[in-house]
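As a plain string of letters, each chain reads:
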Amino acid sequence: MNTNQKTRIAIAGIGGIGGYIGGKLAYHYQNSENVEILFISRGENKKAIDQQGLTLHSGDQTYRCIPSVNSDDPSIIGQIDALIICTKSYSTTTILKEYAKCLQPNAVIITTQNTVNGQASLADLLPKGISLLEGCIFIASNILQAGIIEHKPGPTHLFFGTNNQTSKQGEAFEKLLQEAGINTTFTQNIQEILWKKFLFVSPIAIVSALTQLTFSQIRENEKHLTRFIQLTSELIQLAQVKHIPLDANAINNNVELLRKFNPTVKSSFQLDLAKGQISEFDSLISYVLEEAAFHALKLPHYEKVFEELLVKYPHIKA
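Here the structure is a predicted model, which is why all the values come from computation and not from measurement.

Rules used in this analysis
- Residues numbered from 1 in each chain as written.
- Predicted model: local features only at pLDDT ≥ 70, side-chain atom pairs only at ≥ 80, totals over all residues.
- Heavy atoms only, no water.
- Pairing = 2+ DSSP bridges.
- Helix = DSSP H or I, 4+ residues; strand = E, 2+ residues; numbered from the N terminus.
- Axes fitted to C-alpha atoms, helices over the stretch in contact; angles between N-to-C directions.
- Contact = heavy atoms within 4.5 Å.
- Expected span 1.5 Å × (residues − 1).
- Buried < 20%, exposed > 50% of the residue type's maximum accessible area, 1.4 Å probe, protein only.
- Arc of directions from axis to C-beta.
- Salt bridge = Lys/Arg side-chain N within 4 Å of Asp/Glu carboxyl O.
- Core = buried A, V, L, I, M, F, W, Y, C linked by side-chain atoms within 4.5 Å.

**Q** Quick one: what's the story with the sheet that holds strand S2 (residues 35-40), residue by residue and with numbers?
**A** Pairing within the open sheet is mixed, and its eight strands lie in the order S5-S2-S1-S6-S7-S8-S11-S12. Every interior strand has two partners, whereas the edge strands, strand S5 (69-71) and strand S12 (184-187), have only one. For this sheet, the mean inter-axis angle between neighbouring strands, taken without regard to orientation, is 20°. Where strand S11 (residues 157-161) meets S12, four bridges bridge the pair, whose relative direction is parallel. Across the sheet, the residue bridging to Phe159 is Thr185, located in S12. Seen against the sheet, helix H4 (residues 92-99) touches strand S1 (7-12), S2, S5, strand S6 (80-85) and strand S7 (103-111) and runs at an angle of roughly 165° to S6. Contacting S1, S2, S6, S7, strand S8 (131-138), S11 and S12, helix H6 (residues 168-179) runs over the sheet at an angle of about 175° to S12.

**Q** I'd like a rundown of helix H13 (residues 300-312), residues and numbers included.
**A** When the terminal C-alpha atoms of H13 are compared, their 18 Å separation across 13 residues agrees well with the 18 Å that a helix rising 1.5 Å per residue should span. Listed in full, the buried residues belonging to H13 are Tyr302, Val305, Phe306 and Leu309. Buried residues of H13, seen end-on, are gathered within an arc of 110° and therefore sit on one face of the element. Looking at the buried residues of H13, the elements they touch are helix H7 (190-211), helix H9 (222-241), helix H11 (268-274) and helix H12 (281-294).

**Q** With reference to specific residues and values, describe the pattern of salt bridges.
**A** One pass over the structure, following the stated rule, counts eleven salt bridges. Note that Glu291 is salt-bridged to Lys242, the shortest N-O span being 2.8 Å. One end of the pair, Glu291, is in helix H12; the other, Lys242, is in the loop between H9 and helix H10 (250-258), with 49 residues separating them in the sequence. Using a relative accessible area of 18% as the deciding quantity, one classes Glu291 as buried. The residue Glu256 makes a salt bridge to Arg259 at a minimum N-O spacing of 3.5 Å. Residue classification places Glu256 among the partly exposed residues on the basis of a relative accessible area of 38%. One connected set of salt bridges, linked through shared partners, spans Arg227, Lys304 and Glu308.

**Q** Tell me about unusual backbone geometry, residues and numbers included.
**A** A positive phi angle is found at Asn164, which is not glycine, with a value near 65°. Checked against the element boundaries, Asn164 lands in the loop between S11 and H6. The phi angle at Ala296 is positive, at roughly 55°, despite the residue not being glycine. Within the element layout of this structure, Ala296 appears in the loop between H12 and H13.

**Q** So, helix H2 (residues 43-52): which residues are in play, and what are the values?
**A** Looking at H2, one finds that the buried residues are Asn45, Ala48 and Ile49. Down the axis of H2, the buried set is contained in an arc of 95°. They therefore lie on one face. Relative to its buried face, H2 has exposed residues pointing more than 90 degrees away, namely Glu44 and Gln51. Contacts from the buried residues of H2 go to S2, strand S3 (54-58), S5 and strand S9 (141-145). Where H2 ends, the next residue or the one after it, Gly53, has phi of about 75°, a positive value.

**Q** Which residues make up the nonpolar core, and what values go with them?
**A** By size, the foremost hydrophobic cluster in this structure holds 52 residues, and its most contacted members are Trp195, Phe200, Phe269, Ile285, Tyr302 and Leu309. Elements supplying a minimum of two residues to this core: S8, H7, helix H8 (215-219), H9, H10, H11, H12 and H13. Of the residues forming this core, the biggest block, 14 residues, is contributed by H7. Ignoring sequence-local partners within four residues, the contact set of Trp195 consists of Val116, Leu235, Leu238, Ala239, Lys242, Ile244, Leu246 and Tyr287. Counting residues in hydrophobic clusters, the runner-up holds 33 residues, among them Tyr20, Ala26, Ile84 and Phe160.

Structure below.
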């Protein structure tokens, strides 16, 4: 990080995740002499933040979060030392292309998407000298309306890092995020953590979208819980053929994790599909089947839900 001037950090995508991370950062560093927080937002959300800042409801606290800059124009965002990408997976490459010219030499990019192939998909887009720290976040947080974010009680933990590489920048940003009250871990074992989350996120996204039930309701329904476990089991098979190390108790851990969320929590995938919006269908389901085919692995439960989702939500492939 630049020690001669303010460290400028831009958060792209001020929705449930970006609103939480960006909100906490903007609130904590609002009067900082060393850190400056910028929001990359657009549409009605941008208008609301311009007028009244970002409102973040987190637990029993409410924060009014004012970034130093709130824009969707790279020329206004200017030079930045870090870009935290909190958009959905299908928008990641677009954001990186649009804001690559804003990145200072030796800048850092931190991702938070529900993917396990971010390095492969973004590597060719990275400007020379820029470090990519893949990440993921365990959180239940949604945008209630333009400019208002609700972070629900439950597991909240941001992980980002490398695979078997040290990173002084990673360690520095870990501290910076922690000081803003964000539960954060920099790790040199990010691939395993990305898969740990993917093992949970992909199956629960699918089951919740097909049933339109909350996590709690799925956990209490034997039929839906069984399907969740079946999908998790198939993902474990895929991870094994890809030589991804996983916890031997991964299935039990996933079921236990369902118990820790607020009873009203739904997946962003099911909410997007219910609204007829673009979804992370490709990264959560298509990717799994493509990788399985590459490794000559049959995943009958994933193949079945793929077809069921296309029938239930025809707009997916429209």
